[in-house]
Amino acid sequence: MEGLGKPVTVTVRIPTALRAYAGHEARSAVQAASVGEALQALVAKHPALRTHLYEDSGQLRSFVNVYLGERDVRELQGPSTPVRAGDTLLIVPSVAGG
Amino acid sequence: MSPAWRAGDITAKLSNREIAHYSRHLILPEVGLKGQEKLKDARVLLVGTGGLGAPAAQYLAAAGVGTLGLVDFDVVDESNLHRQILFTKDDVGKSKAQTAAARLRAMNPHIDVQVHETRFEASNAHGILRDYDMILDGTDNFPTRYLANDVAVLQGKPNVYASIFRFEGQASVFDARRGPCYRCLYAKPPPPGLVPSCAEGGVLGVLPGIMGSIQAAEAIKLIVGRGEPLIGKLLLFDALEMEFTKLRLAKNPDCPLCGPRATIKELIDYEEFCGIRGEEEEVPEGIPAMDARALEARLARKDVLLVDVREPHEAEIARIPGGKLVPLHELAARAAELPQTEDIVLYCRSGVRSAKALQFLQTLGFKRVWNLDGGILAWSDEVDPSVPKY
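Residues numbered from 1 in each chain as written. Chains lettered and ligands numbered in written order. Predicted model: local features only at pLDDT ≥ 70, side-chain atom pairs only at ≥ 80, totals over all residues.

A.B. asks: Tell me what's going on with the overall build of chain B, and back it up with residues and numbers.
C.D. replies: On a plain count of helices and strands, chain B comes out with 16 helices and 13 strands. Considering only C-alpha atoms, chain B reaches an extent of 85 × 50 × 40 Å along its principal axes. Taking all 390 residues of chain B together, 42% fall into the buried category. Counted over contacts in chain B with a minimum sequence separation of 6, partners at least 24 positions apart contribute 68%. (Helix = DSSP H or I, 4+ residues; strand = E, 2+ residues; numbered from the N terminus. Buried ≥ 20, exposed ≤ 12 C-beta atoms within 10 Å, placed from the backbone. Contact = placed C-beta atoms within 7 Å.)

A.B. asks: Can you lay out the nonpolar core for me, pointing to particular residues and giving the numbers?
C.D. replies: A:Ala38, B:Val44, B:Leu46, B:Ala57, B:Leu60, B:Leu68 and B:Ala219 are the most contacted members of the largest nonpolar core, which has 102 residues in total. When near neighbours in sequence (up to four residues on either side) are disregarded, B:Ala57 contacts B:Leu46, B:Thr49, B:Leu68, B:Leu70, B:Ala100 and B:Leu104. B:Ile344, B:Val345, B:Cys348 and B:Leu361 belong to the second-largest nonpolar core, a separate cluster that totals 21 residues. (Core = buried A, V, L, I, M, F, W, Y, C linked by C-beta atoms within 7 Å.)

A.B. asks: Explain the interface of chain A and chain B residue by residue, including any values.
C.D. replies: Taken together, the contacts link 21 residues of chain A with 34 residues of chain B. Among the elements of the structure, α1 (16–19), β4 (71–72) and β5 (88–93) of chain A are those that each provide at least two residues to the side of chain A that touches chain B. Its residues placed into classes, the side of chain A that touches chain B shows 11 nonpolar, six polar and four charged. (Nonpolar A, V, L, I, M, F, W, Y, C, P; charged D, E, K, R; others polar.)

A.B. asks: Which residues make up helix α5 (residues 96–107) of chain B, and what values do they have?
C.D. replies: Residue and element names in this part refer to chain B. End to end, α5 covers 16 Å across 12 residues, agreeing with the expected 16 Å (1.5 Å per residue, within 8%). Taken as a whole, α5 has its buried residues at Lys-96, Ala-97, Thr-99, Ala-100, Ala-101 and Leu-104. Summarising the contacts, the buried residues of α5 are in contact with α4 (53–63), β2 (67–71) and β3 (112–116). (Expected span 1.5 Å × (residues − 1).)

A.B. asks: Help me get a handle on the domain arrangement of chain B, residues and values and all.
C.D. replies: Looking at chain B, the domain boundaries give domain 1 (42–273) and domain 2 (289–382). Each of domain 1 of chain B and domain 2 of chain B was reduced to a C-alpha centroid, and the two centroids are 37 Å apart. (Domains from an automatic or database assignment.)

A.B. asks: So, the packing of helix α3 (residues 32–41) of chain B against helix α10 (residues 206–224) of chain B: which residues are in play, and what are the values?
C.D. replies: All names here are of chain B. Axis separation between α3 and α10 bottoms out at 8 Å; the angle between their running directions is 110°. Considered as vectors, α3 and α10 are oriented roughly perpendicular to each other. In terms of crossing hand, the pair formed by α3 and α10 is right-handed. Two secondary-structure elements touch here, α3 through Gly-35, Lys-38 and Leu-39 and α10 through Ile-220, Ile-223 and Val-224. Taken together, the residues of the contact of α3 with α10 break down into four nonpolar, one polar and one charged. (Axes fitted to C-alpha atoms, helices over the stretch in contact; angles between N-to-C directions. Parallel < 35°, antiparallel > 145°, perpendicular 65-115°, else oblique. Left-handed = near helix turned anticlockwise from the far one by under 90°.)

A.B. asks: Any chance you could break down the packing of α4(B) against α10(B) for me, citing the residues and the numbers?
C.D. replies: Residues and elements named next belong to chain B. For the pair α4 and α10, the least separation of the axes is 7 Å and the interaxial angle reads 40°. Relative to α10, α4 is oriented oblique. By crossing handedness, the relation of α4 to α10 is classed as right-handed. Each of Gly-53, Ala-54, Pro-55, Ala-56, Tyr-59, Leu-60 and Ala-63 in α4 lies in contact with α10, whose residues at this interface are Pro-208, Gly-209, Gly-212, Ser-213, Gln-215, Ala-216, Ala-219 and Ile-220. Looking at the contact of α4 with α10 residue by residue, the class counts come to 10 nonpolar, five polar and no charged.

What follows is the structure, encoded as structure tokens:
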């Protein structure tokens, strides 16, 4: 995590599909310096989320996208993408309903 | 796509009756006579005529899309009526595609509605799509969504996408010639059981109406060639917050379907790709089970502990008397509340979640646990019909 600043407060928006595993929170404020740290902090707060966000290998699951601003973090620097105070991360899982 | 508009052939194509019907389109400069003729020339295949497909079909029919294809093998169910407003109470049990086609023809006699009363499958998808310019994906399951995407990419046609869950929707236009495809958005589907379906998770009735209407708007924009389609963008809608969010969606350079080193050149086995056989999730084999009548006898003898692993709001709809409510996602934290020295029967709506709960308790060393076969639905069928089915 070289080059990352101090942890700051960022908001993670949790979609309805995952709220049951996050204490029914729609938004969760966490302390983090990077996208990966923010998600880890979220999972530490709500352990039931882990299996929904991560593969056993620790990789973000391929049917879960995380956006910082309007960009998919995979297009940025992935989990090491730095975050700034006040940033909002958006979790967008795959849903199939119709 | 891009149906050819023939110069010098302007008024010949729309009859006076059609001009009267489409008058409010014709006076929009962005549509006009030219755009309306493009709509008449256009052929849109709607895969699924339910929550998303039905409202999309209604607007596309009203707008004068000349050929609409409806793919659906299903019949109208009573539980569809809170959102699929094309159908009425009298349609319950009838073919969705046939019923929808009759309504659409009545709405607009100037269009051609084709019915494909079949499942959309790898074996027939190419043949069905061949006669259309684009797909509108209104399906309700992952295998058919990947199939709709793949066949559209392989035939070089756009796929107007939307998907819903509870209070939230997603929409995009996948056109691999100009942007990303569905596989660029989500390379792989979730493993079965990790993401609940609308049948399990519920859906706000008006939500598919909103998202299906967005699909219709995008399809019309593609046809008339106006505006900015949702190519390379993902639109999210949250009905609770009443918020739209537009995100950027990039083409995945490693996409196995539309990337430069694509490895998928033909349709695959989508059920296998999604890790499922059949749409409904099933109870794994070897789970100790008890049927509803046996449970009734055991409850009368008061020698069994009944545990309801559903959510509290489901227990408000219907419950088996005497059960203890421990929602599945709380089970790990609350397992200590359950005695290992008594017989325990677990139940949910249909028996799938309670089977998962049972397997989890087995890993903790529980030996005296059974799964209510068929869940509370079976209880309503076999023991107490006054318990409503939901």
